[in-house]
Each structure stands twice: as structure tokens, then as C-alpha cells.
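# Results of the structural survey
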Amino acid sequence: MVSTGTAIVEFQDVTKRHDADPGTRAALDGISLSIRQGEIFGVIGESGAGKTTLLELINGLTAPTSGSLTVQGVDVTRLGRRGLRRLRQRIGVVFQGIHLLSNRTVRANVALPLHLARRTDGAVLSRAEERSAVDEILAFVGLSHRADFFPAQLSGGERQRVGLARGLVARPAVLLCDEPTSSLDASTTSEILRVLSDARDKLGTTVVVITHDLDVVKAICDRAALLERGRLRELIPVVKSDYRSLPTYYEQVKRELMP
Ligand SMILES: Nc1ncnc2c1ncn2[C@@H]1O[C@H](COP(=O)(O)OP(=O)(O)OP(=O)(O)O)[C@@H](O)[C@H]1O
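Every value quoted in this text rests on a predicted model; they were computed, and no experiment measured them.

Calculation notes
Residues numbered from 1 in each chain as written. Predicted model: local features only at pLDDT ≥ 70, side-chain atom pairs only at ≥ 80, totals over all residues. Heavy atoms only, no water. Core = buried A, V, L, I, M, F, W, Y, C linked by side-chain atoms within 4.5 Å. Buried < 20%, exposed > 50% of the residue type's maximum accessible area, 1.4 Å probe, protein only. Helix = DSSP H or I, 4+ residues; strand = E, 2+ residues; numbered from the N terminus. Contact = heavy atoms within 4.5 Å. Near = heavy atom within 4 Å. Polar contact = N/O pair within 3.5 Å; in protein donor to acceptor, adjacent residues only side chain to side chain. Nonpolar A, V, L, I, M, F, W, Y, C, P; charged D, E, K, R; others polar. Salt bridge = Lys/Arg side-chain N within 4 Å of Asp/Glu carboxyl O. Pairing = 2+ DSSP bridges. Axes fitted to C-alpha atoms, helices over the stretch in contact; angles between N-to-C directions. Expected span 1.5 Å × (residues − 1).

Attention shifts here to the nonpolar core. In terms of nonpolar packing, the biggest core is built from 40 residues, with V110, L138, L164, C177, L196 and I220 touching the most fellow members. Only β3 (40-45), α3 (106-121), α4 (127-140), α5 (156-168), β7 (174-178), α6 (186-203), β8 (206-210) and α7 (214-220) provide two or more residues apiece to this core. Here V110 is in contact with V134, I137, L138, V162, A165, R166 and V169, once residues within four sequence places are set aside. Judged by nonpolar contacts, the second largest core, of 27 residues, contains L33, V43, V174 and L227.

Given below as C-alpha cells:
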């Protein structure tokens, strides 16, 4: 699926102050931008630029101090607790550190968002539907053979893919990812980028991804917002390469260490 051009997330003059003191710099200051349905949208900028705050606003984890923010046409600043819970069910998250439950299997970790939806809003899926949703998404991220493993038995890249499966299992309209490839080697990064590209192309998910790695932006993003000290410095249409053309780990070692 390609981007339809319809806005799915819209910031209008959004400012966020974490600190009530007007003397301190706002984490985000007068941000206006639209994220289009079906695109992979990068969020880049130096440490402290406001990237995580931007993601937390989309998810309703924190509220704007001023301005308006809509997700699928709904003004998130006007939502009560129940509305926010519903919003979060339509938004998958893969935050830094993943936080898998170490005493649960891969399958149980991935099923977690479905269980939470069941607890908060009654049974959404039957147990059989739930199991097949988990099986399908594990196949999608290439981890069917790890379903009954525990997180400690997995590699870092596999754990990250479990995090992506958990973020996608409820088939969210939007997937928010904070540094999904940090501290992964080149080949593992490529695997993660394939899953994100497939999520957009095959599941129609809109993906918003924070990254410090500009190769990641070039490989999968349609556009990227460059934040600087809380302001939108540039909105960049990305001239894409392809995640499959990223150098392998061996090629990187050769280039950097064996010139
Ligand atoms: N909960 C909070 N309370 C107070 N200040 C905060 C809070 N969260 C973030 N900030 C401040 O808001 C600004 C933006 O932080 P944010 O985490 O959004 O930046 P970032 O671009 O994600 O940084 P990094 O790349 O280091 O994760 C920073 O000055 C930060 O110190």
C-alpha cells in the first residue's frame, strides 16, 4: 500500500511544556505537521530535540499545553480516560528497551495487547481468534519457530522483532517506534527495516519512527521531520534507497576497518 495523502495524524501549532515554569524551554514549540495515512514518517534530531515527546503526544501519553492534535480525525486533547484507552488500542508502540516479560513465552508476550483490550473493553476476540492473530503476526515477523521460547533465549534482533509483533498484533492504524534499530548490527537492522516496510506495504500500517541513524531514514522513510530544540526545522521528502541495499555487517567492517 502507498500513502493515500490523507492525514492520519495532524499537529496544529502544538506546544508542550513538561515544566510549568515559563522560563524553561518548551519540549515542543509551535509544531504544525501532518502524517499521511500509509507513509513511513521519520522523526530525527539531536538529543533533547523533542522526538520522544512528539511520539508520546500521538499516543495520548502526555497532553499538549496548547494547540490541537488529531489522530484519525479525533481531537485527542478532548478525550477522557475511556477515549484515550480506545485511541491507544489503535496505536501500536515499540518504545526503546522493548520491556518483554522475562517469565512469559514469546507467544504470551505478543498476546499482551489483546489481553489488555479484553480486560478493558470486554472480549474483542475469542481465544481461538486471539491465538490465530498471534500466530499470524509471529509468521509476519519471521518468528514462528520461537513462539514457545523465553526472551532470554533470543538474540537482540529477535527480541526486537517480538517487540514489533507485539506492537502490530492488534493491527493498529499507526505504529510508533522509538529507535527500533539502536545497538543492532547491520544485518539485524535490515531485518527490522524489512518488517517495518512490510507493515506499511502489506498491513497498511502508518509508521512513525524516531531514529538517529540517517541510513534508516534513507532506507524506509517517505518523509522525515527534523526537530531542533523543540521546533520543526525542516520537513524533508526523502529520496529513498532500499533497506535491501544497506551494507552487510561484513561490508561495513571491511569499509571501516580494512581500508
Ligand atoms: N517528563 C519530563 N519532564 C520534564 N522534562 C522533560 C520530560 N520529558 C522530556 N523532557 C524534556 O523535554 C525536552 C525534549 O525531550 P525528548 O525526550 O522529547 O527529546 P528527544 O529528542 O527524544 O531526546 P533523546 O534523543 O535524548 O531521547 C528535553 O529538554 C527534556 O529534558
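The next thing to look at is the site of the ligand. Surrounding the ligand, one finds H18, R25, A27, E46, S47, G48, A49, G50, K51, T52, T53 and H212. One of the side-chain nitrogen or oxygen atoms of H18 is found 3.3 Å away from a nitrogen atom of the ligand. For the ligand, an oxygen atom lies 2.7 Å from a polar atom in the side chain of K51. Its residues assigned to classes, the shell around the ligand shows 2 nonpolar, 7 polar and 3 charged.

Here we take up the pattern of salt bridges. The tally for this structure, following the rule as stated, stands at 15 salt bridges. Linking R231 and D29 is a salt bridge whose minimum nitrogen-to-oxygen distance equals 3.0 Å. You can see R231 sitting in strand β10 (residues 231-237) and its partner D29 sitting in strand β2 (residues 28-36), a full 202 residues away along the chain. Among the charged side chains, a salt-bridge network with shared partners connects R107, D135 and D148.

Here the focus is unusual backbone geometry. The phi dihedral of D13 falls on the positive side, at around 50 degrees, and the residue is not glycine. Examined against the element boundaries, D13 turns out to sit in strand β1 (residues 7-16). We note that S183 has phi near 60 degrees; this positive angle belongs to a residue other than glycine. Accessibility expressed as a relative area gives 77% for S183, which makes it exposed.

Quick look at the sheet that holds strand β4 (residues 66-71) now. On the basis of which strands lie adjacent, the open sheet formed by 4 strands has the order β2-β1-β4-β5 and antiparallel pairing. Each edge of the sheet is formed by a strand with only one pairing partner; in this case those strands are β2 and β5 (74-75). Across 5 bridges, the pairing between β1 and β4 is antiparallel. Across the sheet, Q12 pairs through a bridge with S68, a residue of β4. Helix α1 (residues 51-58) rests against β1, β2 and β4 of the sheet, and its axis sits at about 120 degrees to β1.

This brings us to α6. The end-to-end C-alpha distance of α6 is 25 Å, a good match for the 26 Å that 18 residues give at a rise of 1.5 Å each. A side-chain oxygen of the first residue of α6 lies 3.0 Å from the backbone nitrogen of S187; this N-cap is D185. Immediately beyond the C-terminal end of α6, within one or two residues, lies G204, with a positive phi of roughly 75 degrees.

With that settled, consider the sheet that holds β7. Taken in spatial order, the 6 strands make up an open sheet running β6-β7-β8-β3-β9-β10, and their pairing is mixed. Edge positions in the sheet fall to β6 (91-94) and β10, since each has one partner strand and no second. Looking at each pair of strands side by side, their axes are set apart by 20 degrees on average, direction ignored. The pairing of β6 with β7 spans 4 bridges and is classified as parallel. In the sheet register, I91 faces β7, and the bridge partner there is V174. Against the sheet, α1 contacts β3, β6, β7, β8 and β9 (223-228), and its axis sits at roughly 155 degrees relative to β7.

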